[in-house]
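Spelled out, the chains give:
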Amino acid sequence: YALGVMLYRLLGGGHPTGDATTGGPLHQWQSVVEQVPVPVSEAAARAGDRRLARLLRGDLDTIVAKALKKAPAERYANAADLADDLRRYLAHEPIAARPDGAAYRAAKFLRRHRVGVAATAVTTLALAGGAFVAWHEAREAQQQRAQAEGLIEFMLGDLTGKLKPVGRLDALDAVGE
């Protein structure tokens, strides 16, 4: 809990229970026991630092909130667990304090591997575009082949019938060659 208070003071600029230094020891203990701290990002926003508030929102809010839980069983078991979560946060890995979900893990993976994911996406789009162009060209070649076969069929079939009565089949031989 004390490490959570220190982390809150460092990041949020104040005590998690507000101004716990006023009112004497009884008031201080009462506020620590009863008062639920606002998220550290909200404390930074109240202090006027919107940029810091955006940076603190999300995983850091979750880490600090877990360190400041009222029930000791809900907090980090020891300082090493808190340090591990902070290291995971800095490495853009999923933290233990947050419930595990597919979207959360995917977002963390994308954050860690931006360049690789972008390269894979570009490669996939290029392959899909190439496949589409190849399919389109094959379809066009098939249409041209069908047109050419129709022309040959006309020349060897219908044209032969029309040239036979005239006696000009020698012209057809030249076309066949």
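Shown above is the structure to which this text applies.
Attention here is on the structure that accompanies the text. Computed from a prediction, not measured in an experiment: that's the story for all the values here. (Residues numbered from 1 in each chain as written. Predicted model: local features only at pLDDT ≥ 70, side-chain atom pairs only at ≥ 80, totals over all residues. Heavy atoms only, no water.)

Helix and strand content of the protein: nine helices and zero strands. Starting at the N terminus and walking to the C terminus, you meet the elements of the protein as α-α-α-α-α-α-α-α-α. Taking all 177 residues of the protein together, the buried fraction comes to 19%. Across the protein, every contact between residues at least 6 apart in sequence was considered, and the portion connecting residues at least 24 apart equals 42%. Surface summary for the protein: the accessible area is close to 12400 Å², and the carbon and sulfur share equals 61%. (Helix = DSSP H or I, 4+ residues; strand = E, 2+ residues; numbered from the N terminus. Buried < 20%, exposed > 50% of the residue type's maximum accessible area, 1.4 Å probe, protein only. Contact = heavy atoms within 4.5 Å. Areas by Shrake-Rupley, 256 points an atom, 1.4 Å probe, with all protein chains shown as cover.)

As a further point, take helix H5 (residues 59-67). With seven of its nine residues buried, H5 lies for the most part within the structure. Three or more residues of H5 are buried, namely Asp-59, Leu-60, Asp-61, Thr-62, Ile-63, Val-64 and Ala-67. Turning to H5, the residues buried within the fold contact helix H1 (2-12), helix H3 (40-46), helix H4 (50-56), helix H6 (79-90) and helix H7 (102-112).

Attention shifts here to the packing of H5 against H6. Two elements in contact, H5 and H6, have axes whose closest approach is 10 Å; the angle formed by their N-to-C orientations is 175 degrees. Looking at the two axes, H5 sits roughly antiparallel to H6. Across the interface between the two elements, Asp-59, Leu-60, Ile-63 and Ala-67 of H5 pack against Leu-82, Asp-85, Leu-86 and Tyr-89 of H6. Partitioning the contact of H5 with H6 into residue classes produces six nonpolar, no polar and two charged. (Axes fitted to C-alpha atoms, helices over the stretch in contact; angles between N-to-C directions. Parallel < 35°, antiparallel > 145°, perpendicular 65-115°, else oblique. Nonpolar A, V, L, I, M, F, W, Y, C, P; charged D, E, K, R; others polar.)

Mapping Asp-85 onto the fold places it in helix H6. Leaving out residues up to four positions away in the same chain, Asp-85 has contacts with Ile-63, Tyr-76, Ile-95, Ala-96 and Ala-97.

Once that is clear, we can look at the packing of aromatic side chains. The full count for this structure, using the stated rule, is one aromatic pair. Plain terms: the ring middles of Phe-132 and Trp-135 are 5.9 Å apart, the flat faces sit at 35 degrees to each other, and that makes the pair tilted. Linking Phe-132 with Trp-135, this pair stays in helix H8 (residues 114-163), spanning three residues, or about one helical turn. Among the residues examined, Trp-135 registers a relative accessible area of 48% and is labelled partly exposed. Sitting above the plane of the Tyr-76 ring, Lys-66 keeps its charged end 5.0 Å from the centroid. (Phe/Tyr/Trp six-rings, centres within 6.5 Å; stacked < 30°, edge-to-face > 60°. Lys NZ or Arg CZ within 6 Å of the ring centre and 35° of its normal.)

Turning next to the nonpolar core. Tyr-8, Ile-63, Val-64 and Tyr-76 are the most contacted members of the largest nonpolar core, which has 18 residues in total. Mapped by element, the contributors of at least two residues to this core are H1, H3, H4 and H5. Sorting elements by how many residues they give to this core places H5 first, with four residues. (Core = buried A, V, L, I, M, F, W, Y, C linked by side-chain atoms within 4.5 Å.)

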